[in-house]
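So you can see what is in the structure, the chains are spelled out below.
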Amino acid sequence: MTDIREFIRAGRAEFKATLIVSGGTLVNVASGEIYPADVAVYKDRIVAVGDVADYRGPETEIVDATGYHLCPGLIDGHLHVECSKMSVTSFAKAVVPLGTTAIVSGLDQILVVSGLEGAREFLDEAKGTPLKIFWGAPCKTPYTLPRSNVGYYFAPDDHRATHSWPECVGIWETVREFVDTMDDHVLQAIEIAEESRLPILGCSPMCRGHRLNSYLQAGVRADHESYTAEEMLEKLRKGMHVVIRESSISHFLEENLRIVTEMGIKATSRISFCTDDVVATDILKRGHLDNMVRMAIAKGIEPMAAIQMATINGAEALRIGQKVGSISPGLAADILLVKDLSDFRVSAVVAKGRLAARDGKLTSDLAAPRRSAKITKTFAVDRVTPDELVVRADQADGEARVFTMSVTPEQIFVRKRRDVMLQVRDGIVQADPKQNVQYLTVVERYGRTSNRPVAFASGFGLRSGALATSTAPDDNNIVCVGTNPEDMAVAINHIIENNGGQAVADGGRIVSFLPLPIGGIVSDIEPEEMAQKEQELDDAARALGCALPWPFMYMFVLQITAIPDFAITDLGAIDCVNLTVVDPLKLAS
């Protein structure tokens, strides 16, 4: 109780403010008003707003906000931070100068690799940065149906052990299929959450009608997966907090905001923002949540409402409004200085009670912590050989009809069925670049099995070579797309030898590589260097013929079985509608 007593006394001005933001115009997202006010901060908490003269002391740091609006720090309501390929420290370097001071993440990607110890390391790492992580305990890991092989399976006992963690704010990514199939572990997690008084946070893409009614019986409070405005409107009308996603490859903000701009919804308090999956190249080019605010305003949303969607609305949806979301006494001292609300460019950031960034740059250096072997030695897999990466037919020669998982820029990462006729030579079905058909494999890397099934993808456009990645939600097994098994083996083995990364191989050699040594999924490199590496990888992929806008992002989501119609895991090709493993030859026959 010592800290509470201390802050109570600081609220009475018995302890003087450590920092005062002076001369600004407050954007009060709680009342919807804009008016002049100063803000007094004691340590990492706001203690007074308005006339704060009594709180000023001889040691108080003054931040001059004359000519600026004061906005709350922005909150990303649903983010797989590891999918940025940046560590928590590197990610903070990228987004805090843009105004993002809090994220809600399941840390599910490091969980499947390194378990609770890995998640705990990432949460502790955040304490040394200006960025807050609110943690959603995953409903279970992995999210795949049928269950694939990963390094760690998050289960009901883990919920019992972690709901008391101070960062834990709810059950994360409660996939609709788990509720629909009445998965015992997920239903137990929901029951434990009710005992812990934690909200259930959903994942229900394309869920409407009876399916949505059934899903809502699980008590799901918020959802970030609406593919159309009509879907989002139905979820809103049925009482859900709806979260608009604008990721690097999933551009839903304009479509989802139609419920306001075209469908007449005026009660916007249950609409908030998230980015879900973003990469350094996109953040440095477009921004992060600040970009979503600008986009919303450009679509006709009033600046106050857009800022509320990026702050208090998300906080209330997640039941963390008593901690963050507005500039109010008792809340976290996360304050943005913005010159023009209609343009929403962040000039300075106070985070955790300190001036953290000014003019797009952090005010102090951030050093990544030392990494344990638990998150740096995560591969237990033998090298692969080319003859393991083929599809064998019953016939020696001729043709075979196969189904492929078709990917197009217009489908985002929805994979549709495309049947093609392929040549069979010496009993092996051949990929066919002329038909835009590539081999597709997943190599289980945790040492639980020797699984490395091979199927077919179409739409990547590769004329030669192979692309491979060990950061690939939801399992983070190694995914590889290629035109021939030799280059596929080169790319996969290079990743294994380097404890993780993304690789492009052609002609029997590596032509581009991004090391991801932390869990095989993230790196401590600077955001600018990460963006450069991403560009090099994409350029190398395009040199091989790939025309997709984000080649590696389109590839690394191929293991997600929660999105129709097809996926691939270490179990094989998955029919995401019937939740079964399918044979690429027999399905098409």
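Calculation criteria
Once a new chain begins, its residue numbering starts again from 1 and follows that chain's sequence as written. Owing to the predicted nature of the model, reporting of local features is limited to residues with pLDDT of at least 70; listing and counting of side-chain atom pairs is limited to 80 or more, with chain, interface and lining totals taken over all residues. Each side-chain value is worked out from all heavy atoms of the structure, with water and hydrogens disregarded. UniProt positions are given in the numbering used here, feature names are shortened, and annotations may be inferred rather than shown by experiment. Here a helix means four or more residues in a row that DSSP labels H or I, a strand means two or more in a row labelled E, and each is numbered from the N terminus. Note that the radius of gyration is over C-alpha atoms, with the globule rule given as 2.2 Å times the number of residues to the power 0.38. Type-normalised accessible area, obtained with a 1.4 Å probe on protein chains alone, sets the label of each residue: buried when under 20%, exposed when over 50%, and partly exposed for intermediate values. Surface exposure here means Shrake-Rupley accessible area, sampled with a 1.4 Å probe, where a residue is shielded only by the protein chains that are shown. A residue counts as positive if it is Lys or Arg and as negative if it is Asp or Glu; His and the chain ends are not included. Here the site of a charge means atom NZ of a Lys, CZ of an Arg, CG of an Asp or CD of a Glu. Aromatic pairing here means that ring centres of Phe, Tyr or Trp (its six-membered ring) are within 6.5 Å. Orientation follows from the plane angle: under 30 degrees is stacked, over 60 is edge-to-face, and everything else is tilted. Consider the ring centre and the ring normal. A charge sits over the ring if Lys NZ or Arg CZ is within 6 Å of that centre and within 35 degrees of that normal.

Looking at an unreviewed UniProt entry, one finds the protein chain named Adenine deaminase, with Pseudaminobacter soli as its source organism. What UniProt states about the protein chain under its Catalytic activity (unreviewed entry) heading is, verbatim, "adenine + H2O + H(+) = hypoxanthine + NH4(+)". Note on the protein chain: under the UniProt heading Cofactor (unreviewed entry), the record states "Mn(2+)".

This part takes up the overall build of the protein chain. For the protein chain, the count of helices and strands is 18 helices and 32 strands. Relative to the compact-globule value of 25 Å for 589 residues, the protein chain shows a C-alpha radius of gyration of 24 Å, a close match. The dimensions of the protein chain, computed from C-alpha atoms along their principal axes, are 90 × 50 × 45 Å. Looking at the protein chain as a whole, 65% of its 589 residues qualify as buried. Summing over all exposed atoms, the protein chain offers an accessible surface of approximately 21,300 Å²; the carbon and sulfur share of this is 48%. Here the protein chain contributes 60 positively and 78 negatively charged side chains, and the mean placements of these two sets differ by 2 Å.

For the coordinates displayed, the defined rule picks out seven aromatic pairs. A ring pair is formed by Y227 and F252, whose centres lie 4.8 Å apart and whose planes are at 50°; its orientation type is tilted. Of this pair, Y227 sits in the loop between strand 13 (220–223) and helix 8 (229–237) while F252 sits in the loop between strand 14 (241–245) and helix 9 (253–256), and the two are 25 residues apart along the sequence. A ring pair is formed by F403 and F566, whose centres lie 4.8 Å apart and whose planes are at 40°; its orientation type is tilted. With F403 in strand 21 (residues 398–406) and F566 in strand 30 (residues 566–569), this pair connects stretches of sequence that are 163 residues apart. We classify F403 as buried; its relative accessible area is 1%. Given the relative accessible area of 7%, F566 is considered buried. In this structure, K339 packs its charged tip against the face of Y68, placed 4.2 Å from the ring centre.

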